[in-house]
Amino acid sequence: MKLHGTMRINELGHLEIGGYDTVELARNFGTPLYVMDEAEIRRVCREYRAAFTDGFGAEVIYASKAFMNLAMCRVIEEEGLSLDVVSGGELYTAIKARFPASRIYFHGNNKQPQELRMALEYRVGRIVVDNFHEMTLLNDLAGQMGVRAQVLLRLTPGVEAHTHEYIRTGQIDSKFGFTVPNGQAMEAVKSCLTLPHLEFKGIHCHIGSQVFDMSSFNHAAKVMMEVIKDIREQAGIAVEELNLGGGFGIYYVEGDQPATIAEYAQAVTSAVKEMVAKHQLNIPKIMIEPGRSIVGEAGTTLYTVGSIKEIPGIRKYVAVDGGMADNPRPALYQARYEAVVANRAAEPAVETVSITGKCCESGDMLIWDINLPQVKSGDIIAVFCTGAYNYTMSMNYNRLGRPAVVLVNDGRADVIVERESYEDLLRNDRLPERLRVGQKIKLVQ
Ligand SMILES: *Cc1c(COP(=O)(O)O)cnc(C)c1O
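Read on for a plain summary of the structure. Since this is a predicted model, take the numbers as computed values, not measurements. (Residues numbered from 1 in each chain as written. Predicted model: local features only at pLDDT ≥ 70, side-chain atom pairs only at ≥ 80, totals over all residues. Heavy atoms only, no water.)

### Thoughts on the pairing of strand E20 (residues 404–409)
Here comes step 1: Most of E20 is tucked away: five of the six residues are buried.
Here comes step 2: Sheet analysis places strand E4 (residues 33–37) next to E20, joined by five bridges and oriented parallel. Within E20, the position partnered with Asp37 by the bridge is Val408.
Here comes step 3: In terms of strand pairing, E20 meets strand E21 (residues 412–417) through five bridges, oriented antiparallel. Following the sheet pairing, Asn409 is matched in E21 by Arg412.
Here comes step 4: The loop that links E20 with its antiparallel partner E21 comprises two residues; one of these, Asp410, has a positive phi angle of about 55°. (Buried < 20%, exposed > 50% of the residue type's maximum accessible area, 1.4 Å probe, protein only. Helix = DSSP H or I, 4+ residues; strand = E, 2+ residues; numbered from the N terminus. Pairing = 2+ DSSP bridges.)

### Considering the site of the ligand
Here comes step 1: Surveying the vicinity of the ligand reveals 15 residues, the closest of which are Lys65, Ser209, Glu289, Arg292 and Tyr389.
Here comes step 2: The side chain of Ser209 places a nitrogen or oxygen atom 2.3 Å from an oxygen atom of the ligand.
Here comes step 3: Here an oxygen atom of the ligand sits 2.7 Å away from a polar atom, N or O, in the main chain of Arg292. (Near = heavy atom within 4 Å. Polar contact = N/O pair within 3.5 Å; in protein donor to acceptor, adjacent residues only side chain to side chain.)

### Digging into the packing of aromatic side chains
Here comes step 1: One pass over the structure, following the stated rule, counts nine aromatic pairs.
Here comes step 2: Here the aromatic rings of Phe52 and Tyr264 are separated by 5.2 Å at their centres, their planes lie at 75°, and the arrangement is edge-to-face. Linking Phe52 in helix H2 (residues 38–56) with Tyr264 in helix H9 (residues 261–279), this pair joins segments that are 212 residues apart in sequence. For the pair Phe52 and Tyr264, a shared accessibility class is recorded, and that class is buried.
Here comes step 3: Ring geometry for Phe132 versus Phe178: centroids 4.9 Å apart, planes at 70°, classification edge-to-face. Here the residue Phe132 occupies a position in helix H6 (residues 132–145), and Phe178 occupies one in strand E10 (residues 178–179), the gap between them amounting to 46 residues.
Here comes step 4: Residue Phe178 is classed as buried on the basis of its relative accessible area, which comes to 1%.
Here comes step 5: Taken together, the ring pairs in this structure connect Tyr48, Phe52, Phe217, Phe248 and Tyr264 into an aromatic cluster.
Here comes step 6: For the cation-ring pair, Lys2 lies above Tyr251, with the distance from its terminal atom to the ring centre recorded as 4.9 Å. (Phe/Tyr/Trp six-rings, centres within 6.5 Å; stacked < 30°, edge-to-face > 60°. Lys NZ or Arg CZ within 6 Å of the ring centre and 35° of its normal.)

What follows is the structure in structure tokens.
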């Protein structure tokens, strides 16, 4: 069990984050509650910049799908990172947060015409073209609008990252990108160079997520540098930009041993330097796109314990007031988490329990088999490392409202996303005339 970011256990034996007692957070804002540690997010952003930008001139781009809302866009902008978006909705949020469009990268394997038009209208920095359909579509749209789109091409280098198969993207059998080993990538570069409304700026790859093995990143960078050499030979141009994606793994549970960000930078930059020397290439501008590792460990979810069911000799189920609706990752990827009883965080563990949610699914389990102090109804459970792909993957299954998000820092807590109310859940429901009933009903909120 590891404490993350600014976490500590205070004099009352309570877990504290950002100088704010989590028991007080639960009381003041309700549960389930996502708590984001602002100082920790900023610290990681700075560590990335120190490792990649200061030494190597690389651009660090936050992959916003990990955790995104107006406040997060502002933090990222203040820290001097750029921003990845993968949909019109993410782009709209970034623009509303006044994130500079020139530092926005637009990804996605099936961008809609309306999304591409929006990206061109806002003049986003780069559109990362994924496939031939999009290439033609974007060229046409840019032509109609009288602009030139600055593009990177997403390539699939054929690198098998050692991670869960649902979050592996670098292998040949992937829905993303132009395949390198079968020659499709080179064909894409050549086509792009012939299209009048596209300006080819460089190439991109993203091999997967929650990758611990730095040699996977090193290998991918080398493959991409080989592609740059081939482009020079076959198309006669020096590629200016090389975007190597994200995927840096983080600690979730004991046994996870992530490398340091400095080691990550070393793995990537040494590969680039080696290949530059080997083939006498120009050094391209390097970009990386961390998502999970910027926010993952900065996030904690607080829950209140309700029912407890013990099946003697088999298992004790501790049910909390959230579950797969606010954290679908255990159900999606068998993701594992650590947790503490936040109101008795210093007490030793005395029993093994399983933490389950309140959704009507047997698969709605947050943690199988965790050692905790004797858990009672009313206790506050804090699940760690929920900052990435929790809030952004949350849903309204069982008509549960999504939890609020608070940003804590230096003893303050600010709501950055409001809890969804019952009225919010009905916001888009419409009742056709023929289904309406006459009498008014008294609503309990
Ligand atoms: C999701 C994604 C990332 C970020 O991945 P993490 O594992 O969260 O670091 C980076 N680039 C692209 C294109 C992505 O789709």
